[in-house]
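Listed here are the chains, written in short residue letters.
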Amino acid sequence: MEDSRVEQADHTAVRVALWRALHLRADPPPYVFEDEVGLRLAAPGDDWPRRPDMDPEGTRTFRAGVVARARFVEDLVTAEAARGVTQYVVLGAGLDTFAQRRPEEVAAGLRVFEVDRPGPQAWKRQRLADLGLGVPEGLRLVPVDFETGGSWWKELVAAGFDAGRPAVVACTGVSMYLTLEAITATLRQVAALAPGSTLAMTFMQPAELLEPRTRALLENTTRMARASGTPFLSFFSPREMLDLAREAGFTEVRHVSAEDLARRYFDGRADGLRPEPAEELLVASV
């Protein structure tokens, strides 16, 4: 039977790519993260800065969080590659552009595996071709149909992932859309990787743990996500997230807060740009 699924980008992935680009337009340097390849992939039209979800003032903390987590993950990948790790897995890759922006790492032997749903990934493959970028030898696009019970692990291995060698695994902006069962299964699978492997996963905190202003922003974002058909399903306190990772089998776990990211990447900025303390990071090692 012919597959009738429409090949198109996920709207949340497009929004993340546009917020990365908006950082370079709405915020003064120094830039935390520079990525306009995602904008080229998304091709949103000349009026994209006038979209309601691109309001420069209203989205300041959200785009700060997006660029902060992207910078943190790529700093982590760079550090791990320097000590010999040669595999980088992006779960829920969306419009990730590491392989296009960092070709020197790929050329040096870092193999990148982007795991995503078949439709959006087929769309991305075509857009890479349209832009003349193509799929470099060091990049593997790994389509997984989660809706029909597809196993990202089996498809990853089939794409050439070496289970006997360590890897960096990133899963950002994804866990809030997953059930507890799916998150637990993912943690267990990554914890079973070769020693020396590291996971960086973002998670959303429950509204009751947040300050009133941040709580209101999160509640509004939660309503918008539900209205768009992609509801938030999971929220965790830092302690709960660390406990889940330990129970999954990780030997070392740590919480990287939005405040940690603010100190690392935003201190001294004259514009006061900082990420909102709602989405936090788990870093766990095998």
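All of the points below concern the structure found in this document. Residue indices follow the written sequence of each chain, beginning from 1 at its first position. Where local features are concerned, this predicted model is filtered to residues with pLDDT of at least 70; where side-chain atom pairs are given and counted, the filter is 80 or more; whole-chain, interface and lining totals use all residues. Note that water and hydrogens are dropped before the side-chain values are worked out from all heavy atoms of the structure.

**Re the sheet that holds strand β4 (residues 168-171)**
So, step 1. Pairing between strands requires that DSSP locate at least two bridges from one strand to the other. Helix and strand assignments come from DSSP, with helices taken as H or I runs of at least 4 residues and strands as E runs of at least 2, each series counted from the N terminus. Strand order in the open sheet formed by seven strands is β3-β2-β1-β4-β5-β7-β6, and the pairing between neighbours is mixed. A strand with exactly one partner marks an edge of an open sheet, and here the two such strands are β3 (139-143) and β6 (252-256). Put simply, the sheet's adjacent strands are angled 15 degrees from each other on average, direction ignored.
So, step 2. In the sheet, β6 pairs with strand β7 (residues 279-285) via five bridges, with the strands oriented antiparallel. Residue pairing across strands places E252 opposite S285, the latter belonging to β7. Axis lines are fitted to C-alpha atoms, over the contacting stretch for helices. Their N-to-C directions set the angle, which ranges from 0 to 180 degrees.

**Here's the deal with the packing of helix α1 (residues 11-26) against helix α3 (residues 60-82)**
So, step 1. Contact geometry of α1 with α3 gives a least axis separation of 9 Å together with a crossing angle of 100 degrees. Compared by their axis directions, α1 and α3 come out roughly perpendicular. For the pair formed by α1 and α3, the contact residues are V16, W19, R20, L22, H23 and A26 on the first element and F62, R63, V66, V67, R69 and A70 on the second.
So, step 2. Asp, Glu, Lys and Arg are counted as charged, while Ala, Val, Leu, Ile, Met, Phe, Trp, Tyr, Cys and Pro are counted as nonpolar; the rest, among them Gly, fall into the polar class. For the contact of α1 with α3, a count of residues per class yields eight nonpolar, one polar and three charged. For classification, angles of less than 35 degrees are called roughly parallel, those exceeding 145 degrees roughly antiparallel, those between 65 and 115 degrees roughly perpendicular, and all remaining angles oblique. We call two residues in contact whenever any of their non-hydrogen atoms come within 4.5 Å of each other.

**Remarks on unusual backbone geometry**
So, step 1. The omega torsion of the bond from P29 to P30 falls at 5 degrees, within 30 degrees of zero and hence cis.
So, step 2. Following the sequence through the fold, P30 ends up in the loop between α1 and α2 (37-42).
So, step 3. Here the phi dihedral of A43 falls at roughly 45 degrees; this positive angle occurs in a residue that is not glycine.
So, step 4. As for its placement among the helices and strands, A43 is situated in the loop between α2 and α3.
So, step 5. Buried residues are those whose accessible area, probed at 1.4 Å on protein chains only, stays under 20% of the maximum for their type, while exposed residues exceed 50% and partly exposed ones sit between those limits. Accessibility expressed as a relative area gives 49% for A43, which makes it partly exposed.

**Quick look at the pattern of salt bridges**
So, step 1. Every case where a carboxyl oxygen of Asp or Glu lies within 4 Å of a side-chain nitrogen of Lys or Arg is listed as a salt bridge. For the coordinates displayed, the defined rule picks out 24 salt bridges.
So, step 2. A salt bridge links D35 to R20, with the shortest nitrogen-to-oxygen separation between them at 2.8 Å. Residue D35 is located in the loop between α1 and α2, and its partner R20 is located in helix α1; the two are separated by 15 residues in the primary sequence.
So, step 3. On the basis of relative accessible area, D35 is assigned to the buried category, the value being 1%.
So, step 4. In this structure R20 comes out as buried when scored by relative accessible area, which is 10%.
So, step 5. Here R102 and E104 are joined by a salt bridge, their closest N and O atoms 3.7 Å apart.
So, step 6. Here R102 falls in the buried class, since its relative accessible area comes to 18%.

**Focus: the environment of Y31**
So, step 1. Among the structural elements, Y31 can be located in the loop between α1 and α2.
So, step 2. Since its relative accessible area comes to 29%, Y31 is described here as partly exposed.
So, step 3. Taking the C-alpha atoms as reference points, Y31 and P277, 246 residues apart in sequence, are found 20 Å from one another.
So, step 4. Sequence-distant contacts of Y31, that is, excluding residues within four places in its chain, are made with H23, L24 and R71.
So, step 5. For the purposes of these results, a polar contact is taken to be a pair of N or O atoms within 3.5 Å, where, inside protein, one atom must be able to donate a hydrogen and its partner to accept one; residues adjacent in sequence count only when each atom of the pair is a side-chain atom. For Y31, the side chain forms a polar contact with the main-chain oxygen of L24, separated by 3.4 Å.

**Considering the nonpolar core**
So, step 1. By size, the foremost hydrophobic cluster in this structure holds 32 residues, and its most contacted members are L156, L187, M241, F250 and L282.
So, step 2. At the level of elements, β1 (87-91), β2 (111-116), α7 (152-158), β4, α8 (180-191), β5 (198-204), α10 (238-248) and β7 are the ones that each hand at least two residues to this core.
So, step 3. Per-element tally for this core: the top contributor is α10, with five residues.
So, step 4. For L156, the contacting residues outside a window of four places in its chain are V89, F113, V115, V142 and F161.
So, step 5. Counting 31 residues, the second-largest nonpolar core is a separate cluster that includes F33, A70, L261 and L281. Among buried residues, those of type Ala, Val, Leu, Ile, Met, Phe, Trp, Tyr and Cys that are joined through side-chain atoms within 4.5 Å constitute a nonpolar core.

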